[in-house]
Amino acid sequence: MPGLKLTINGRVYQVDVSADTTLLELLRDYLGLTGTKEGCGKGECGACTVIMDGLAVDSCLIPAAKADGAEILTIEGLASPDGRLHPLQESFISEGAVQCGFCTPGMIMSAKALLDQNPYPTREEIKVALSGNLCRCTGYAKIITAVEKAAAVMGTEADKEQG
Ligand code: FES
Ligand code: FES
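As a convention, each chain's residues are numbered from 1 in the sequence order in which they are written. Lettering for chains starts from A, numbering for ligands starts from 1, and both go in the order in which the items are written. Residues qualify for local features only when their pLDDT is at least 70, as the model is predicted, and side-chain atom pairs are given and counted only at 80 or more; totals for whole chains, interfaces and linings, by contrast, use all residues.

Focus on the environment of Gly3
Applicable threshold: Numbering goes from the N terminus for both helices and strands, where a helix is a DSSP run of H or I of at least four residues and a strand is a run of E of at least two. Two residues qualify as being in contact provided that their C-beta atoms, derived from the backbone, are within 7 Å of each other.
As for its placement among the helices and strands, Gly3 is situated in the segment before strand 1 (4-8). On a C-alpha basis, the gap between Gly3 and Gln14 in space is 6.3 Å, while along the polypeptide they are 11 residues apart. Not counting the four nearest positions on each side in its chain, Gly3 is found in contact with Gln14, Val15 and Asp16.

Section: the domain arrangement of the chain
Let me state the cut-off plainly: Source of the domain bounds: an automatic or database domain assignment. Ten residues, namely Ala, Val, Leu, Ile, Met, Phe, Trp, Tyr, Cys and Pro, are considered nonpolar, four, namely Asp, Glu, Lys and Arg, are considered charged, and the remaining ones, Gly among them, are considered polar.
Each assigned domain of the chain is listed with its residue range as follows: domain 1 (4-77) and domain 2 (87-161). Each of domain 1 and domain 2 was reduced to a C-alpha centroid, and the two centroids are 21 Å apart. Facing 14 residues of domain 1, the contacting portion of domain 2 comprises 13 residues. If you list the elements that add at least two residues to the side of domain 1 that touches domain 2, you get strand 3 (49-52) and strand 4 (55-58). Sorting elements by how many residues they give to the side of domain 1 that touches domain 2 places strand 3 first, with three residues. Residues that form the side of domain 1 that touches domain 2 fall into these classes: eight nonpolar, five polar and one charged.

What to know about the packing of helix 2 (residues 87-94) against helix 3 (residues 104-117)
The cut-off we apply is this: To obtain an axis, a line is fitted to C-alpha atoms, over the contacting stretch when the element is a helix, and the angle between two such axes runs from 0 to 180 degrees between their N-to-C directions. Roughly parallel covers angles under 35 degrees, roughly antiparallel covers those over 145, roughly perpendicular covers 65 to 115, and oblique covers all other angles. Left-handed describes a crossing in which the near helix is turned anticlockwise from the far one by less than a right angle; the clockwise case is right-handed.
The interhelical angle for the contact between helix 2 and helix 3, taken along N-to-C directions, is 130°, at an axis separation of 10 Å. As far as their axial angle goes, helix 3 and helix 2 are oblique. Along this stretch, helix 2 crosses helix 3, giving a crossing that reads as right-handed. Only Thr104, Ile108, Ala111 and Lys112 of helix 3 make contact with helix 2, whose side of the interface consists of Leu88, Gln89 and Phe92.

Examining the nonpolar core
We count it as follows: What we call a nonpolar core is a set of buried Ala, Val, Leu, Ile, Met, Phe, Trp, Tyr and Cys residues whose membership is set by joining through C-beta atoms within 7 Å. Exposed residues have 12 or fewer other C-beta atoms within 10 Å of their own C-beta, buried residues have 20 or more, and partly exposed residues fall in between, where C-beta atoms are placed from the backbone.
If you look at the biggest cluster of nonpolar residues, it comprises 46 residues, and the most contacted ones within it are Ile51, Ala67, Ile72, Ala111, Ile143 and Val147. Tallying contributions element by element places helix 3 first for this core, with seven residues. Composition of this core by domain shows at least three residues from each of domain 1 (4-77) and domain 2 (87-161). If we ignore the near neighbours within four places in the chain, the residues touching Ile51 are Ala56, Ile72, Leu73, Met109, Lys112 and Ala113.

So, the environment of Pro87
Relative to the helices and strands, Pro87 resides in helix 2. Spatially, the C-alpha atom of Pro87 lies 16 Å from that of Leu73, the residues being 14 residues apart in sequence. What Pro87 contacts, discounting residues up to four positions off in sequence, is Ala150, Val153 and Met154.

Concerning the sheet that holds strand 3
By way of backbone hydrogen bonds, the strands of a sheet pair with one another, either parallel or antiparallel. As a reminder, the rule being used: One bridge is not enough; two strands pair if DSSP finds at least two bridges between them.
Read across the open sheet, the five strands follow the order 2-1-5-3-4; overall the sheet is mixed. One side of each edge strand has no neighbouring strand; the edge strands of this open sheet are strand 2 (11-15) and strand 4. With direction set aside, neighbouring strand axes in the sheet form an average angle of 35°. In the sheet, strand 1 pairs with strand 2 via five bridges, with the strands oriented antiparallel.

Looking at helix 5 (residues 141-161)
We apply this condition: Here, expected helix span is obtained from the residue count minus one, scaled by 1.5 Å. By definition, the arc is the one covered by directions from the helix axis to the C-beta atoms.
For helix 5, spanning 21 residues, the distance from its first C-alpha to its last is 30 Å, which sits close to the expected 30 Å at 1.5 Å a residue. Of all the positions in helix 5, only Ile143, Ile144, Ala146, Val147, Ala150 and Ala151 are classed as buried. Each buried residue of helix 5 sits inside an arc of 155° when the element is viewed along its axis, so together they form one side. Projecting away from the buried face of helix 5 at angles above 90 degrees are the exposed residues Ala141, Thr156, Asp159 and Lys160. Among the residues trailing helix 5, Gly163 stands out with phi positive, at a value near 80°.

Dropping the structure here:
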């Protein structure tokens, strides 16, 4: 299959993949971006969630060819270049929203897509946005609280920037 060209976490990649490759396989197996997890492999668990052209998607369901020309953000792209964690990452840690951690990258990417569209979501809106992400460990309450906290922090930072 002809080479794909796509931007991942702000870096342009050109890569040749076989025709049946998924975006998840492209990220993990071809590019070594293993922060994105493979759970069910069929669109049911959300562990593989990344942001593609602004939308949270299950990367296990996206043929790599469909990502040609796309802008992809994965969990590896969230921290600042100086290593400072994103407020969502900080709040997941501080709120105890991470146990085994397997669902966490997908949860955080779904939450990031939500906050990009809706910086001040209600608890209900957060639940809906994360409804495709399964967690077997936490019972979800701490995850929702972590997203609320990150939204508050990000809102405060945005207010400061506006002076
Ligand atoms: S691995 Fe993609 S939704 Fe489960
Ligand atoms: S923290 Fe283990 S699946 Fe969510």
